[in-house]
Amino acid sequence: MNTKLPRAPAQSRLIPAAAAALLTLALALFTVAIARGAAPPATQPGPPPPAAPDAAAPAGAPLTAADLDAWLDGYLPYALKVDDIAGAVVAVVKDGAVVTERGYGFADVAKRTPVDPKLTLFRPGSVSKLFTWTAVMQQVEQGRIDLDGDINQYLDFKVTGKDGKPITMRNLMQHTAGFEEQAKGVISASDNLPSYAALLKQHVPARVFAVGSTPAYSNYGASLAGYIVERVAHEPFDAYIEHHIFEPLDMQHSSFRQPLPRELAPLMSNGYRLASGDAQPFEYVGPAPAGSASSTGDDMAHFMIAHLQNGEYHGKRILSAATAQLMHDSPYTPGIGPLDRMELGFFETNVNGREVIAHLGDTEWFHTSLHLFLKENVGFYVSFNSPGKEGAAHPLRIALFQDFADRYLPAAAPHAVAAGVDAATAKKDVALMAGAWTASRGGFDDFLAALEFVGQMKIGMNKDGGLLVAIPGTNGKPRHWVEVAPFVWQDVDSHDRLAARVVDGKPVRWSFDTLSPFEVFDRTPWYQSSTWLMPLLLAGFAALLVTVLLWPVAALVRRHLKVPRVLDARSARAYRASRIAALAIVVALSLWGVFIALVLHDTGTLGGRLDPLLLLAQLVGVVAFVGGSLVMLWNLAAVWGSAQRWPARIWSVVLVLSALIVLWVGVACHLLHVGTSY
């Protein structure tokens, strides 16, 4: 699973704490709207490729244990050390057999316990969904689930799409049901979450897109699919996966159960923020079918072999060949240009002209990718037990997969990027792409909209007239995009592409290969654009903060100089009320800043233990933002209706504008909504 909530960097010591919180959010989220775990952060010290692929030999290096072990041993130990990652496990399979399984680093740093690919359990996060989707296809095969039927026929509570339209299992599997992001209860550092079924019924996320229209990754949708399997199979979900997938695949060291069964718990790797830091507690995943699996590299190799063999592992079947092929090759057709698409549960990560289906997965500490080269009958799996410095594991897993493909399964011709449009057209197309864009995966009806507000993706033009997007490369630098076809760009230094859907000559939606199967970016409405609202918000906050700080200073100066303040009674009351209102707004924004910073720092807080702080921020915000604006308008009338001089009059206008811009942002970001469901 993937929580999509990045950690914020340290706050500046040169600005007040509340302003620092706002700036922290802006800086942290500006480059990580593509989140949600599958996208690289702003800076990365990635590893150097140990060996370059042989462009002259399309067959690539021999995919043997000897060559692969030597390549991995030259690649990963250095990467783990440089990026401060505690441990990793890799499994590669081909033609129904394991080529190699390797463990690197430590499962327990303090005890120096090495990672054992056969025995050490890692948390594959959203790669767990592949087991859930496989279970769904088993029920499709048995006639108990209709891929294109209304899911309400299988549920004991009602879930409809936007405008009451029915949601199908195909929509759930392709993340096109239209759900907004759900964060509450997604992950917790302690066993304090309701059951996944109770969580499903407790809060159904708002349906913000028409059914089938928009890829928007949803843990809720995957968990709902698991619940449907449980109901139609008349077997608890955990037990179903054990009996119908783990047992026939001889996956003896895998489980969805939380906490782990007694016999498996000692084999569980610790999770770490950094290898040099402390071990972290076992993570509890609320929407269990979406991401609660624990498994070894060896067991995941068995699972890859089964799918590459069209549902068969050593003579035992978990899917018929026809069902497996349907699962692997049923793309979501309204994609964007040539970009990778969703299949049924899997998504494409095609590379070097080869058909590859895959899934990525992230908990707070574990970061995973699984890729299946369908025609070559090759599977590649890697998982890390810590994000490392600045989230290094995220781009590292993508780079490792692409480097693996370039070495062992290269393209028929050398990787070369040539412009497909003339320079003038390229510059014009970049200009059309410029502006603020909002990701389809996010919160739209609760405070999560604030994260989307400060995390809006910005596109601009670099000094050479090229595309400038906040999607850094593995080296942390801006990517060099070349327009290879109208509104299709290729990254010169990787296999990634970016493309836009154009309507009436204007781009209206875009994405790029790492995210395109399950997340797209649409134009941000002008009234929600952080391009102009964020500077005004920061300026307004600064004006309010200055007002609060100067209030006692001015009083002390007047007292020291024995200069009375001459105001009529009405003006004096309005003056005091305006200062109290400014203080209230500053406090409210600070509470929101603290709350969101805590969530960004540790997504384990999403279990609900911050609910009291959330309610406090919401209630104070409603009173401060609405009441503060009304008070500032009263103060404006009092100042302009009295004999006060121009400085006071101008500042009263500044206070009104500051309060109103805060209220505007509060409404746009749903900060006036009171409730603990999100």
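The preceding data block contains the structure.
Residues numbered from 1 in each chain as written. Predicted model: local features only at pLDDT ≥ 70, side-chain atom pairs only at ≥ 80, totals over all residues. Heavy atoms only, no water.

Engineer: What exactly am I supposed to notice about the packing of aromatic side chains here?
Structural biologist: In this description, an aromatic ring pair is defined by two values, namely the gap between the centres and the angle between the planes. Counting across every chain of the model gives 32 aromatic pairs. The interplanar angle of 75 degrees and the centroid separation of 5.5 Å between the aromatic rings of Phe 122 and Phe 366 together place this pair among those described as edge-to-face. Linking Phe 122 in the loop between β3 (113-114) and α3 (129-141) with Phe 366 in the loop between β11 (356-362) and β12 (367-373), this pair joins segments that are 244 residues apart in sequence. For the pair shown, Phe 122 and Phe 366 are each scored as buried. Here the aromatic rings of Tyr 217 and Phe 518 are separated by 5.2 Å at their centres, their planes lie at 65 degrees, and the arrangement is edge-to-face. Here the residue Tyr 217 occupies a position in the loop between α5 (196-202) and α6 (219-233), and Phe 518 occupies one in the loop between β20 (506-512) and β21 (521-523), the gap between them amounting to 301 residues. (Phe/Tyr/Trp six-rings, centres within 6.5 Å; stacked < 30°, edge-to-face > 60°. Helix = DSSP H or I, 4+ residues; strand = E, 2+ residues; numbered from the N terminus. Buried < 20%, exposed > 50% of the residue type's maximum accessible area, 1.4 Å probe, protein only.)

Engineer: What is the right way to read the pairing of strand β2 (residues 97-108) from this model?
Structural biologist: Every other side chain in a regular strand lies on the same face of the sheet, so the side chains alternate between the two faces. The pairing of strand β1 (residues 87-94) with β2 spans eight bridges and is antiparallel. Across the sheet, the residue bridging to Val 89 is Gly 103, located in β2. Where β2 meets β3, two bridges bridge the pair, whose relative direction is antiparallel. Note that in β3 the partner of Phe 106 across the bridge is Pro 114. Taken together, β2 and the strand that follows it, β3, pair antiparallel across an intervening segment of four residues, in which Arg 112 is found at a positive phi of about 60 degrees. (Pairing = 2+ DSSP bridges.)

Engineer: Teacher, can you tell me more about the packing of helix α14 (residues 569-601) against helix α15 (residues 611-640) here?
Structural biologist: A pair of packed helices is captured by two measures, namely the crossing angle of their axes and the spacing between those axes. Where α14 meets α15, the axes come as close as 7 Å, and the angle between the chain directions of the two elements is 150 degrees. Between α14 and α15, the interaxial angle falls into the category roughly antiparallel. The two elements α14 and α15 cross, and the hand of that crossing is left-handed. Counted by class, the contact of α14 with α15 contains 26 nonpolar, six polar and three charged residues. (Axes fitted to C-alpha atoms, helices over the stretch in contact; angles between N-to-C directions. Parallel < 35°, antiparallel > 145°, perpendicular 65-115°, else oblique. Left-handed = near helix turned anticlockwise from the far one by under 90°. Nonpolar A, V, L, I, M, F, W, Y, C, P; charged D, E, K, R; others polar.)

Engineer: Would you mind going over a nonpolar patch on the surface with me for this structure?
Structural biologist: A contiguous nonpolar surface patch, about 500 Å² in accessible area, is contributed by Val 546, Leu 550, Val 553, Val 557, Leu 561 and Trp 651. Here the nonpolar patch gets five residues from one element, more than from any other, and that element is helix α13 (residues 530-561). Relative to the elements of secondary structure, Val 546 occurs in helix α13. On the accessibility criterion, Val 546 (37% relative accessible area) is partly exposed. (Patch = residues over 30% accessible without salt bridge, like charges linked within 9 Å, V, L, I, M, F, W, Y side chains within 5 Å. Areas by Shrake-Rupley, 256 points an atom, 1.4 Å probe, with all protein chains shown as cover. Salt bridge = Lys/Arg side-chain N within 4 Å of Asp/Glu carboxyl O.)

Engineer: What am I meant to see in the sheet that holds strand β17 (residues 481-485) here?
Structural biologist: Strands belonging to one sheet form pairs held by backbone hydrogen bonds; the direction of such a pair is parallel or antiparallel. Pairing is antiparallel across the open sheet formed by eight strands, whose spatial order is β16-β15-β14-β21-β20-β19-β18-β17. If you trace the sheet from one side to the other, it starts and ends with β16 (467-469) and β17, each paired once. The sheet shows a mean angle of 30 degrees between the axes of neighbouring strands, direction not considered. Bridge analysis of strand β18 (residues 488-491) against strand β19 (residues 497-503) gives three bridges, and the strand direction is antiparallel. Across the sheet, residue Trp 489 finds its bridge partner in β19, namely Leu 498. Along the sheet, helix α11 (residues 423-433) contacts β14 (435-439), β15 (457-461), β16, β17, β18, β19, β20 and β21; its crossing angle with β15, the most-contacted strand, is approximately 150 degrees. (Contact = heavy atoms within 4.5 Å.)

Engineer: Hey, could you run me through α11 in this one?
Structural biologist: One turn of an α-helix holds 3.6 residues; hence residues three or four places apart share an orientation. By the burial criterion, the buried members of α11 are Ala 426, Asp 429, Val 430 and Met 433. Along the axis of α11, the buried residues cluster in a sector spanning 100 degrees; they form a single face. Turned more than 90 degrees away from the buried face of α11, the exposed residues are Ala 424 and Lys 428. In this structure Asp 422 caps α11, since a side-chain oxygen of it lies 3.1 Å from the backbone nitrogen of Ala 424. Looking one or two residues past α11, Gly 435 carries a phi angle of roughly 135 degrees, positive in sign. (Arc of directions from axis to C-beta. Polar contact = N/O pair within 3.5 Å; in protein donor to acceptor, adjacent residues only side chain to side chain.)

Engineer: How should I be thinking about the nonpolar core in this particular structure?
Structural biologist: Generally speaking, a soluble globular protein has its nonpolar side chains buried in company with each other. Counting residues in hydrophobic clusters, the biggest one holds 75 residues, and the most contacted among them are Leu 172 and Leu 370. The element best represented in this core is α6, accounting for nine residues. Setting aside residues up to four positions removed in sequence, Leu 370 forms contacts with Val 127, Leu 130, Met 300, Phe 303, Met 304, Phe 346, Ile 357, Ala 358, His 359, Phe 380 and Tyr 381. Core analysis: the second largest hydrophobic core is formed by 43 residues, Ala 450, Phe 541, Ala 617 and Val 656 among them. (Core = buried A, V, L, I, M, F, W, Y, C linked by side-chain atoms within 4.5 Å.)

Engineer: Mind showing me how you'd approach α15 here?
Structural biologist: Given a rise of 1.5 Å per residue, 30 residues ought to cover 44 Å, and the 43 Å separating the end C-alpha atoms of α15 matches this to within 8%. At Gly 628, α15 shows its maximal bend, which comes to roughly 25 degrees. (Expected span 1.5 Å × (residues − 1). Bend = angle between axes of the 7 residues up to and from the residue.)

Engineer: Would you mind going over the environment of Thr 349 with me for this structure?
Structural biologist: If you trace the backbone, Thr 349 turns up in the loop between β10 (347-348) and β11. Take Thr 349: its relative accessible area is 12%, and that puts it in the buried class. Separated by ten residues in the primary sequence, Thr 349 and His 359 place their C-alpha atoms 8.6 Å from one another. Thr 349 has contacts with Asp 340, Val 356, Ile 357, Ala 358, His 371 and Phe 401, leaving out every residue within four places of it along the chain.

Engineer: Looking at this structure, how should I read the pairing of β12?
Structural biologist: Counting buried residues along β12, seven of its seven residues qualify, which places the element largely inside the surrounding structure. With burial as the criterion, each face of β12 is covered, one bearing His 367, Ser 369, His 371 and Phe 373 and the other bearing Thr 368, Leu 370 and Leu 372. One ladder, built from seven bridges, connects β11 with β12; its direction is antiparallel. Note on β12: the bridge partner recorded for Val 356 is Phe 373. Between β11 and β12, which pair antiparallel in sequence order, lie four residues.

Engineer: Could you clarify how one ought to interpret the side chain of Thr 547 in this entry?
Structural biologist: Within the secondary structure layout, Thr 547 lies in helix α13. The class of Thr 547 is buried, set by a relative accessible area of 4%. With residues up to four places along the chain from it excluded, the contact list for Thr 547 reads Arg 579, Ala 582, Trp 651 and Leu 655.

Engineer: Looking at this model, I keep getting lost on unusual backbone geometry. Mind explaining?
Structural biologist: In most cases, non-glycine residues show a negative phi, while peptide bonds are predominantly trans. In this chain, Gln 258 is followed by Pro 259 through a cis amide linkage whose omega measures -5 degrees. Relative to the assigned elements, Pro 259 resides in the loop between α7 (237-246) and β5 (271-272). A positive phi angle, near 60 degrees, is found at Arg 112, a position not held by glycine. Relative to the helices and strands, Arg 112 is located in the loop between β2 and β3. At Asp 163, a residue that is not glycine, the phi angle is positive and equals roughly 60 degrees. Inspection of the secondary structure puts Asp 163 in the loop between α3 and α4 (169-173). For Asp 163, a relative accessible area of 68% gives the class exposed.

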